[in-house]
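# Notes for the structure review
Residues per chain are reported as follows:
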Amino acid sequence: MIKAIIFDFDGTIIDTETAWYEAFREAYRQHDVELTLELYSGCIGTSLHTFNPYEYLITHRNLPIDREAFREAVHVQHAKLMERETMRPGVLSYLEKAHEAGLRIGLASSSSLKWVEKHLRQLGIYEFFEVIRTSDHVQRVKPDPELYLQALEGLGVQASEAIAIEDSPNGARAAEAAGIRCIITPNTITKALDFSSCAYWHKADSLQDVEFDRLLVRS
């Protein structure tokens, strides 16, 4: 029996990831470097340890770049691109229906607590979440399962009683490692990534395409 739903944040609730990629790609082009999705995918849904887009041009291309000026330019462009983004289809409906059904609702994100809380409040959905676990709470982010394991503990449910909502391979691997069935709803960027090594319960363009009531019946 399903008792809880645990959401990822970036790319799942609102598509911040496409805007980040576009902002970094534009910044790289200013230095005549093409940032491929294959390279950038190393930091999607996880930390910047595998690929750090802020440092790559300096550490791997040896370009004389002012770190702070580069970071500021990327953030300004990202903020501009985010002005056109809204909550992804089906997310609000799922939150409302989960609340009405008495399910526990949690969030597990590799981003910082400050980042996540700011956007949840701006979207007007902060109060839906009983438990929020972010990079501030763990030593290892996705694809490590620690975020999901902490969320399960905070919600007081077993892995078999929860469903994870994710958009990236790293997120799906984290849910799988925690023993949680996962629904994948890729965004514009992550739909181009390879999910073949991920075990997931269901995959759809958005939560709008996954009927909530049928989900509970299938549980």
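All figures in this text were calculated on a predicted structure; none of them were measured in a lab.

## What about the overall build of the protein?
- Along the backbone of the protein there are 9 helices and 6 strands.
- Since a compact globule built from 219 residues should have a radius of gyration of about 17 Å, the 17 Å found for the protein is in line with a globular shape.
- With respect to the three principal axes, the spread of C-alpha positions in the protein is 55 × 30 × 30 Å.
- Expressed as a percentage of its 219 residues, the buried residues of the protein come to 51%.
- Of all intrachain contacts in the protein linking residues separated by at least 6 positions in sequence, the fraction that spans at least 24 positions is 65%.
- In the form shown here, the protein has an accessible surface area of approximately 10,600 Å², with 46% of it arising from carbon and sulfur atoms.
- Distance between charge centroids for the protein: 1 Å, based on 23 positive and 33 negative side chains.

## What to know about helix 1 (residues 16–29)
- End to end, helix 1 covers 20 Å across 14 residues, agreeing with the expected 20 Å (1.5 Å per residue, within 8%).
- Most of helix 1 sits out of view: 10 of its 14 residues are buried.
- Taken together, the buried positions of helix 1 are occupied by Thr16, Glu17, Thr18, Ala19, Trp20, Tyr21, Ala23, Phe24, Ala27 and Tyr28.
- A side-chain oxygen of the first residue of helix 1 lies 3.3 Å from the backbone nitrogen of glutamate 17; this N-cap is aspartate 15.

## So, the side chain of serine 168
- When you line up the elements, serine 168 lands in the loop between strand 4 (162–166) and helix 8 (169–177).
- Of note is the side chain of serine 168, whose polar atom sits 3.1 Å from the backbone nitrogen of glycine 171.
- Apart from the residues lying within four places of it in its own chain, the contact partners of serine 168 are Ile44, Gly45, Thr190 and Phe195.

## Digging into the packing of helix 1 against helix 4 (residues 67–82)
- Where helix 1 meets helix 4, the closest approach of the two axes is 8 Å, and the angle between their N-to-C directions is 135°. In terms of orientation, helix 1 and helix 4 fall into the oblique class. Where helix 1 crosses over helix 4, the two elements pack in a sense that is right-handed. Between helix 1 and helix 4, the residues in contact are Thr16, Ala19, Trp20, Glu22, Ala23, Phe24, Ala27 and Tyr28 and Phe70, Val74, His75, Gln77, His78, Leu81 and Met82, respectively.
- In terms of residue class, the contact of helix 1 with helix 4 is built from 10 nonpolar, 4 polar and 1 charged.

Cut-offs and rules
- Residues numbered from 1 in each chain as written.
- Predicted model: local features only at pLDDT ≥ 70, side-chain atom pairs only at ≥ 80, totals over all residues.
- Heavy atoms only, no water.
- Helix = DSSP H or I, 4+ residues; strand = E, 2+ residues; numbered from the N terminus.
- Rg over C-alpha atoms; globule rule 2.2 N^0.38 Å.
- Buried < 20%, exposed > 50% of the residue type's maximum accessible area, 1.4 Å probe, protein only.
- Contact = heavy atoms within 4.5 Å.
- Areas by Shrake-Rupley, 256 points an atom, 1.4 Å probe, with all protein chains shown as cover.
- Lys, Arg positive; Asp, Glu negative; His and termini not counted.
- Charge placed at Lys NZ, Arg CZ, Asp CG, Glu CD.
- Expected span 1.5 Å × (residues − 1).
- Polar contact = N/O pair within 3.5 Å; in protein donor to acceptor, adjacent residues only side chain to side chain.
- Axes fitted to C-alpha atoms, helices over the stretch in contact; angles between N-to-C directions.
- Parallel < 35°, antiparallel > 145°, perpendicular 65-115°, else oblique.
- Left-handed = near helix turned anticlockwise from the far one by under 90°.
- Nonpolar A, V, L, I, M, F, W, Y, C, P; charged D, E, K, R; others polar.

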